[in-house]
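# Observations on the model geometry
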Amino acid sequence: MKRLRLSRRALIRGAFGTAIALPTLECMLSPNGEALAGGDPLPKRYFLMYCPTSLVTSGSHEEGLTPVNAGFGYDIRPVLQPFADRQVSADISVISGLFAAPLDVPGGYNVDYHGQAPYAVMTGKRSGFSGTTWRPQGWSADQIALQRLAPTTKFPFLYYQLDSQTGGMVVSYEETTGFEDEDPIVYRGIEPQTSPALAYNQLFTGFSPPSDMPDPQAELERRLRLSSLSYAKDGIGALHARLGVNDQRTLDEHLERVRELEKRIEATTGVVSPNCHDPMHQGVDPPDVSTDVPDQDARAGLFVELVELAFACDMTRIITLGGASVMTGSGMRNPAWNHIGGLHGEVQHASTQADLDAANRWFVDVYARIIERCKATPEGAGNVLDNTAALFIMEGGKGLTADPNRSGDGGADPNHSGDNAVAFLAGRVGGLAAGQHVNLTGQDLHPTTVITTAFQALGIDPSLGEISGVIDQLFG
Amino acid sequence: MSIATLAGCVGDIGGGDPPDPPVETGVQGETPTTAIPRLSRREIDRTIADVFGIVGAAERNLAPDPKTAVNPTTTAEEEVFDTLAATKTPSQVFVDGLESLAFEVARDFSFDTAAVDALAGCTPVTQPFDESCLAAFIRSAGGRLWRRPLSDQEVDALITTVGPLASDPAAGAAGHYVAVRGAISALIVSPELVYRAEIGDVVEPGVVKLDNHEVVSRLAYFLWGTTPTPELLERAAGPELSDEDIAALVDQMLADPRGVQQMQVFHELWLRYTSLLVTDAALAADMRAETDALVARSLASGAGSDWSQLFTAEETYVTPALATHYGMPAPAQASWVGYDETRAGILSHGSFLSLSQTKLTETLPSRRGAMVARRLLCQAILPPPPDVAVDMGVTVPEDACKSDAYEAHASGTCAGCHNVIDGVGFGFERYDGLGRYREVEQDNPACGIEGVGNVGAQAFAGPRDFVDQNLETISECAVEHLVRFATRDWRASGDRLERMIAAFDGSSHDFTALMRAVATDPSFRHRVDGVPQ
């Protein structure tokens, strides 16, 4: 679906040599502003931010996030302060009392909390009971959303990660062919983009808003890139023929990625929001503030802007933003908590609840910034957030007792628990009634149910793996 | 040690020609490896810098290689070298980054028309592009990037692909250099750059012998971390390299400054002292300089050289500030200063002692012990039972002594692992997370620190004692790590390892001799290929 629309930005740039934000022209929209002039509906978008922490630190049963009051206009606990600061609490629903069981049940995980629980939540499939451990057992939520929404955007999906550390377990998975010593079909983690500079390059290299005025230089660069990839494909074919089966599979995968990139370069960029523009980022990542301590605020700021613009420019409709990879990446360092140490071992396990609350507030603020930006990005008669389901999923909740049937790792640590978990769902797509606290304590609803509720709002099948259903209270 | 293959001993008995002599491949019993090991980001960076003079392009465009990975055999998360082939999946992020890198390098280098002409050895004389000059450029740059001569077919195909770009309206009078830009980009995104193909010839079932260019490439990336020079490629284009030829090439390459630099890179990746967790930038810089000086000294080759002083050195290179930090007499300026009787070598450096994921300056003996056991003793620390929350650490009750809490913790299902790693960690406990000596616990000064640990049944107290008792194991472990680094595999085979250890011992721990032994071993010219080609 290629849409050529009148770009006011291009017209204004041509007339005055500068670009300024403009309201959407009426001719871009249907008469009621709820669809594009060509009749295409406004895009629906899925966004998920994954926070690699629990609610409580080791030994603690108190936390500063979950609102006390249920219903609309919930109280702002200390960790949620960014919602108030950025005036987005009315746009975000908080869902508490969720439960992922450390049992062989739908969406359950097998004892090892870090190893299996995120896989279970992100796939909706029980994890660690059969097949290869340390492997997800199904597609992740973003890939299922991709399959069901089937957008024809330049990027089928984007997967970014705030922390720069690579390795460890990620939160986006795809199906692939197993090597000869594996099952025929396995699921592997998708590598996240951890560099905001590279993410910018990926989105905006060769970018120009659709225009009636041709850009010869941009067209030449597009030809250059496509010709290089064409030659690379021929090279892959020649090398492929000389290799054994496993190596051929590696090249098959490489070829698939090249083709994907080729499609993106060939695609045109649609402009949905008048906010769509090239943010002109620098070509380098913010330098670390000290050895192995990234400037996380600066990095997050760049990712936040790219998420907004990728949606505003309709480059993609599906984005996952990981906080840090599970396990390895959970040693995430941040100037905000570097005086304590790494996020996992020191902040979550060996520090105070106040320290963990402060770290959680940092992640909540990143989410709040994205909601704030999407809300401020006009689209049709409303804004991007109106057409988005934006999730915030945490790795864990809080155990209340040493119950091996409710907490992982034998139940000894409330930190290692998928019990009493909290998630956020923002946006108003599909009739979501944002701005309420829905307390589900006692119902043992799986955290994945919040994701399937987002699916429902997006108009796609509300199921993921073994989990299905909708939290009705989240709709108006 | 010469090993004949079983396959070489099997043949027809009786008439006919006598069987071929056994092939000495050095890879008997080893596991299959990929025929297309992918270069690490560091290696791509060096390659681009060497060919185009553009520094840091890979670092700007590619994600770093993982520092840890889950070993599928043990399911344990292990520290890995950036060369490990198993971590190199062709993700979308990688392919996108490679194309972005190609775009940047092609754009920047092609704008420098003098540099383009110099690399090609010609200046274009026809419009919109000079085909013969473009071909010369492709052969020159491509040969370096792909580490082999390009075939006529490959060159012609590339000219056919990028030649039309020269006539693009936006190219103007710079048509030739636009075609060059396209050629550079295509050469970089081609699989031939990032996948260092080792297809070779089958010399016995399941074993291939690398051809000249493949051998020279292996040597260059192992000994230098970058692409072969034109001189090496020229040599590779000649007659088949004999053992003597390879030994001569290895000596020549190790004598090059790039050889010393690569040995330093290996030590950084193995011991990881570049990632020291010290928040005081000035102190961190002093610690890094201290360790760099010792590593450089231990890697010096020739008479009197001794790599083991990396661990046994009785003096250290300190600034006045660092000496004061350690509680040593401060020199007037940065210089080598003698240790007291408990410290020795790098294990006493703040850089290394800060690496055990300490909480501020306080140590976590289990983690420090596990680090030392893995990196220096090559002990496999398997993951804990699934019902153990390993990352909780050991909780020390208020007013309790740390050692008592750890002792109590090391019981039941935890005992097996903690008796190993805590034993090692507590031997270093008199040194805090910044390398300072102490005799009482930081959080509870009423508790004295005994500072005695153990490796197996052998007790030790402090870095010097540890090294005195375990130097042989440490040196063997260094060999094992180097072979992993070189082979890009999870583990080194026993036979190959024994040969390298013998060579290292025989050289009185000259690290250059060890590098030479790895590169000249028959196994370095062969590869086990598990799947028929």
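Nothing here was measured: the structure is a model prediction, and the numbers come from that model.

Attention now goes to the overall build of chain B. Within chain B, the regular secondary structure consists of 23 helices and nine strands. On the principal axes, the C-alpha backbone points of chain B span a range of 85 × 75 × 50 Å. Taken across its 533 residues, chain B has 49% of its residues classed as buried. Considering only contacts within chain B whose residues lie at least 6 apart along the sequence, 64% involve residues at least 24 apart.

This part is about the overall build of chain A. Counting its secondary structure elements, chain A contains 11 helices and 14 strands. When burial is assessed residue by residue, chain A has 57% of its 476 residues classed as buried. Long-range pairs, those at least 24 residues apart, make up 67% of the contacts in chain A with a sequence separation of at least 6.

As a further point, take the interface of chain B and chain A. Across the contact, 64 residues belong to chain B and 68 residues belong to chain A. Ranked by the residues each element gives to the side of chain B that touches chain A, the list is headed by helix α4 (residues 92–111) of chain B, at 10 residues. Taken together, the residues of the side of chain B that touches chain A sort by class into 35 nonpolar, 17 polar and 12 charged.

The next subject is the nonpolar core. With 113 residues, the main nonpolar core has L391, A423 and L425 of chain A as its most contacted residues. Here this core takes 11 residues from helix α10 (residues 353–375) of chain A, the largest share from any one element. Excluding anything up to four places from it in sequence, L425 of chain A contacts S93, I95, A389, L391, L432, V450, T453, A454 and L474 of chain A. F81, Y326, V483 and A519 of chain B belong to the second largest nonpolar core, which has 79 residues in total.

Below, the discussion takes up the pairing of strand β10 (residues 388–394) of chain A. Residues and elements named next belong to chain A. In terms of burial, β10 is largely enclosed, as seven of its seven residues are buried. Neither face of β10 is exposed, since T388, A390, F392 and M394 on one face and A389, L391 and I393 on the opposite face are all buried. For strand β1 (residues 45–51) and β10, the ladder comprises seven bridges, and the chain directions are parallel. Pairing of R45 across the sheet is with T388, part of β10.

In this section: the domain arrangement of chain B. Residues and elements named next belong to chain B. The domains assigned to chain B are domain 1 (1–30 + 200–255 + 489–533), domain 2 (41–194), domain 3 (272–354) and domain 4 (356–460). Relative to domain 4, the C-alpha centre of domain 2 lies at a distance of 48 Å. Taken together, the contact between domain 2 and domain 4 spans four residues of the former and four residues of the latter. Of the residues in the side of domain 2 that touches domain 4, the class split is one nonpolar, two polar and one charged.

This part is about the sheet that holds strand β4 (residues 207–209) of chain B. Residue and element names in this part refer to chain B. Strand order in the open sheet made by the three strands is β3-β4-β9, with antiparallel pairing throughout. In this open sheet, the two strands that pair with only one neighbour each are β3 (201–204) and β9 (526–528). Mean inter-strand twist for the sheet, computed between neighbouring axes without regard to direction, equals 40°. Across three bridges, the pairing between β4 and β9 is antiparallel. Looking at the pairing, V208 lines up with R527 of β9.

A few words now on the sheet that holds β10 of chain A. All names here are of chain A. Taken together, eight strands build an open sheet; the order of strands is β2-β12-β3-β11-β10-β1-β7-β4 and the sheet is mixed. Where the open sheet ends on each side, the last strands, each with one partner, are β2 (71–72) and β4 (158–161). In the sheet, β2 pairs with strand β12 (residues 436–439) via two bridges, with the strands oriented antiparallel. Along β12, the bridge assignment pairs G71 with H437. Taken strand by strand, α10 contacts β1, β3 (92–99), β10 and β11 (419–426), and its axis lies near 180° from that of β10.

Residues and elements named next belong to chain B. Model confidence for chain B is summarised by a mean pLDDT of 88, while 90% of its residues fall at 70 or above. Note on residues 1–16: pLDDT is under 50 here. Beyond four places in sequence and across chains, it has 20 contacts. For this predicted complex, the interface confidence reaches an ipTM of 0.89, while the overall pTM sits at 0.80.

The end-to-end C-alpha distance of α10 of chain A, which contains 23 residues, comes to 32 Å, matching closely the 33 Å that a straight helix rising 1.5 Å per residue would cover. Most of α10 of chain A sits inside the fold, with 18 of its 23 residues counted as buried.

Attention now moves to helix α22 (residues 494–506) of chain B. Residues and elements named next belong to chain B. For α22, built from 13 residues, the straight-helix expectation of 18 Å at 1.5 Å per residue is met to within 8% by its first-to-last C-alpha distance of 18 Å. For α22, every residue scored as buried is listed here: R496, R499, M500, I501 and F504. Where α22 is buried, its residues touch α21 (462–487) and α23 (511–520). Immediately downstream of α22, the backbone of S508 shows phi near 55°, a positive value.

With that settled, consider unusual backbone geometry. At the junction of Q127 of chain B and P128 of chain B, the peptide bond is cis and its omega measures out at -5° in the coordinates. Among the secondary structure elements, P128 of chain B is positioned in the loop between α5 (113–120) and α6 (131–146). Located in the positive-phi region is Q87 of chain A, a residue other than glycine, with phi close to 55°. Along the chain, the position of Q87 of chain A falls in the loop between α2 (81–85) and β3.

Reading the values: rules and limits
- One numbering rule holds for all chains: residues counted from 1, following each sequence as written.
- Here every chain gets a letter starting at A, and every ligand a number starting at 1, in the order they are written.
- In keeping with the predicted nature of the model, local features appear solely for residues at pLDDT of at least 70, side-chain atom pairs appear and are counted solely at 80 or more, and the whole-chain, interface and lining totals rest on all residues.
- Helix and strand assignments follow DSSP, with helices taken as H or I runs no shorter than four residues and strands as E runs no shorter than two, numbered in order from the N terminus.
- Buried, partly exposed and exposed are defined by the number of other C-beta atoms within 10 Å of a residue's own C-beta, namely 20 or more, between the two limits, and 12 or fewer respectively, with C-beta atoms placed from the backbone.
- Two residues qualify as a contact pair if the distance between their C-beta atoms, derived from the backbone, is within 7 Å.
- Each residue gets one label: Ala, Val, Leu, Ile, Met, Phe, Trp, Tyr, Cys and Pro are nonpolar, Asp, Glu, Lys and Arg are charged, and the others, such as Gly, are polar.
- A set of buried Ala, Val, Leu, Ile, Met, Phe, Trp, Tyr and Cys residues, joined to one another through C-beta atoms within 7 Å, is what we call a nonpolar core.
- Only when DSSP finds a minimum of two bridges between them are two strands counted as paired.
- Each domain span listed reflects an automatic or database assignment of domains.
- Fitting a line to C-alpha atoms yields each axis, with helices limited to the stretch in contact; the angle taken between N-to-C directions then spans 0 to 180 degrees.
- The quantity known as pLDDT measures the predictor's confidence residue by residue, on a range of 0 to 100.
- Helices are assigned an expected span. That span is 1.5 Å times one less than the residue count.

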